[in-house]
Amino acid sequence: KQEVTQIPAALSVPEGENLVLNCSFTDSAIYNLQWFRQDPGKGLTSLLLIQSSQREQTSGRLNASLDKSSGRSTLYIAASQPGDSATYLCAVRSNSGYALNFGKGTSLLVTP
Amino acid sequence: GAGVSQSPRYKVAKRGQDVALRCDPISGHVSLFWYQQALGQGPEFLTYFQNEAQLDKSGLPSDRFFAERPEGSVSTLKIQRTQQEDSAVYLCASSSMGPETQYFGPGTRLLVL
């Protein structure tokens, strides 16, 4: 079974800092990898999706990279803002199925 | 509609009661997923539909859990004889075919007393 791990579990940074969230997975036979944001009491919002053939995706201040061979992905957030405070979830879809396997998330707090 | 909707948003049930949770996917989305999210955890896959066909139900935790999507649109997740360990947020997601993004609803928060 695909295991997804996210480090750190929680992170607090002052506004304006650049930061990196880490995701690792045990089975490199992946179809794609997605980063989501979850606000308290809300559903998940898709941030970036990286196909298995891609190395990175960018959207605004967010950049996600994928290294399949080492089983790692990173989400880079530039110039963090208090509105970025949320839980960030990494999810992997394996070649063998349709389901997403999620990590437990990184809880991010950006202080003014 | 503009996004995935779920109802009810909150449900309190007494242990042993049956509950039904509804999901309205994005119009035209072929794929529909149910996930269960316990407090402080990431979502865990429950089941997957392609149109009306339930192609994967490997994540359903017991035979008390049942899901259906009879017309390939709205889906219902039913939990019979609820237990305290069923307390969680139940998330529904839909997607179109292909290497697609899954779009999630706001979830139904179930509390079993």
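In what follows, the structure referred to is the one given above.
So, a few notes on the structure that sits alongside this text. (Residues numbered from 1 in each chain as written. Chains lettered and ligands numbered in written order. Predicted model: local features only at pLDDT ≥ 70, side-chain atom pairs only at ≥ 80, totals over all residues. Heavy atoms only, no water.)

## Comments concerning the pattern of salt bridges
Residue and element names in this part refer to chain B.
Then, number 1: Counted by the stated rule, this structure contains five salt bridges over all chains.
Then, number 2: A salt bridge links K78 to E68; the nearest nitrogen and oxygen atoms lie 3.3 Å apart. Here K78, found in strand β8 (residues 75–79), pairs with E68, found in strand β7 (residues 65–68); they are ten residues apart in sequence, far enough to count as distant. (Salt bridge = Lys/Arg side-chain N within 4 Å of Asp/Glu carboxyl O. Helix = DSSP H or I, 4+ residues; strand = E, 2+ residues; numbered from the N terminus.)

## A closer look at the environment of C90 of chain A
Residue and element names in this part refer to chain A.
Then, number 1: Looking at the secondary structure, you find C90 in strand β9 (residues 86–94).
Then, number 2: For the pair C90 and L21, spaced 69 residues apart in sequence, the C-alpha separation works out to 9.5 Å.
Then, number 3: Ignoring anything within four residues of it in the chain, the contact list for C90 reads V4, Q6, C23, L33, Q34, W35, N101, F102 and G103. (Contact = heavy atoms within 4.5 Å.)

## Considering the interface of chain B and chain A
Then, number 1: If you look at the interface, chain B gives 22 residues, while chain A gives 21 residues.
Then, number 2: Approximately 1,600 Å² of surface area, both sides summed, lies buried where chain B meets chain A, with 52% of it carried by carbon and sulfur atoms.
Then, number 3: Taken together, the links from chain B to chain A amount to zero salt bridges.
Then, number 4: Counting the contacts that link chain B with chain A gives four residue pairs in polar contact (both at pLDDT 80 or more).
Then, number 5: The dominant element in the side of chain B that touches chain A, judged by the number of residues it contributes, is strand β5 (residues 44–50) of chain B, at four residues.
Then, number 6: Taken together, the residues of the side of chain B that touches chain A break down into nine nonpolar, nine polar and four charged. (Buried area = accessible area lost by both parts, 1.4 Å probe. Polar contact = N/O pair within 3.5 Å; in protein donor to acceptor, adjacent residues only side chain to side chain. Nonpolar A, V, L, I, M, F, W, Y, C, P; charged D, E, K, R; others polar.)

## Description of the state of the cysteines
Then, number 1: Per the counting criterion, the structure on display carries two disulfides over all chains.
Then, number 2: The disulfide partner of C23 of chain A is C90 of chain A, and the gap between their sulfur atoms is 2.0 Å. Its S-S torsion of about -60 degrees marks the bond between C23 of chain A and C90 of chain A as left-handed, since a negative value means left-handed. Placement of C23 of chain A in strand β3 (residues 19–25) and of C90 of chain A in strand β9 is noted, with a sequence separation of 67 residues between them.
Then, number 3: You can call C90 of chain A buried: its relative accessible area is 0%.
Then, number 4: The disulfide that involves C23 of chain B links it to C92 of chain B, with 1.8 Å between the sulfurs. Residues C23 of chain B and C92 of chain B share a disulfide whose torsion about the S-S bond is about -65 degrees; that sign makes it left-handed. Separated by 69 residues along the polypeptide, C23 of chain B in strand β3 (residues 19–24) and C92 of chain B in strand β9 (residues 88–95) bring together distant segments of the chain.
Then, number 5: Taking relative accessible area as the criterion, C92 of chain B reaches 0% and is therefore assigned buried. (Disulfide = S-S within 2.5 Å. Buried < 20%, exposed > 50% of the residue type's maximum accessible area, 1.4 Å probe, protein only.)

## Description of the sheet that holds β7 of chain B
Residues and elements named next belong to chain B.
Then, number 1: Taken together, the four strands give an open sheet; going across it, the order is β1-β3-β8-β7, and neighbouring strands pair in antiparallel fashion. Of all the strands in the sheet, just β1 (5–7) and β7 have a single pairing partner and so form its edges. Pairs of neighbouring strands in the sheet enclose a mean axial angle of 15 degrees, with direction left out of account.
Then, number 2: Taken together, the four bridges between β7 and β8 define a ladder with antiparallel strand orientation. Counterpart to F65 in the pairing with β8 is I79. (Pairing = 2+ DSSP bridges. Axes fitted to C-alpha atoms, helices over the stretch in contact; angles between N-to-C directions.)

## Considering the packing of aromatic side chains
Aromatic rings considered in pairs are described by the distance between their centres and by the relative angle of their planes.
Then, number 1: Within this structure, the stated rule accounts for nine aromatic pairs over all chains.
Then, number 2: On the numbers, 5.7 Å between centres and 90 degrees between planes, the contact of F102 of chain A with Y35 of chain B is edge-to-face. Of the two residues, F102 of chain A sits in strand β10 (residues 100–102) while Y35 of chain B sits in strand β4 (residues 31–37), which places them in two different chains. Exposure class is identical for F102 of chain A and Y35 of chain B. Each is buried.
Then, number 3: Between F102 of chain A and F104 of chain B, the ring centres sit 6.1 Å apart and the planes meet at 80 degrees, which makes this aromatic pair edge-to-face. One end of the pair, F102 of chain A, is in strand β10; the other, F104 of chain B, is in strand β10 (residues 103–104), on a second chain.
Then, number 4: We classify F104 of chain B as buried; its relative accessible area is 10%.
Then, number 5: Here a set of aromatic residues connected by ring pairs shows up, and it is made of F36, Y98 and F102 of chain A together with F33, Y35, F45, Y48 and F104 of chain B.
Then, number 6: Taking the ring centre of Y31 of chain A as reference, the NZ or CZ of R93 of chain A above it sits at 4.0 Å. (Phe/Tyr/Trp six-rings, centres within 6.5 Å; stacked < 30°, edge-to-face > 60°. Lys NZ or Arg CZ within 6 Å of the ring centre and 35° of its normal.)

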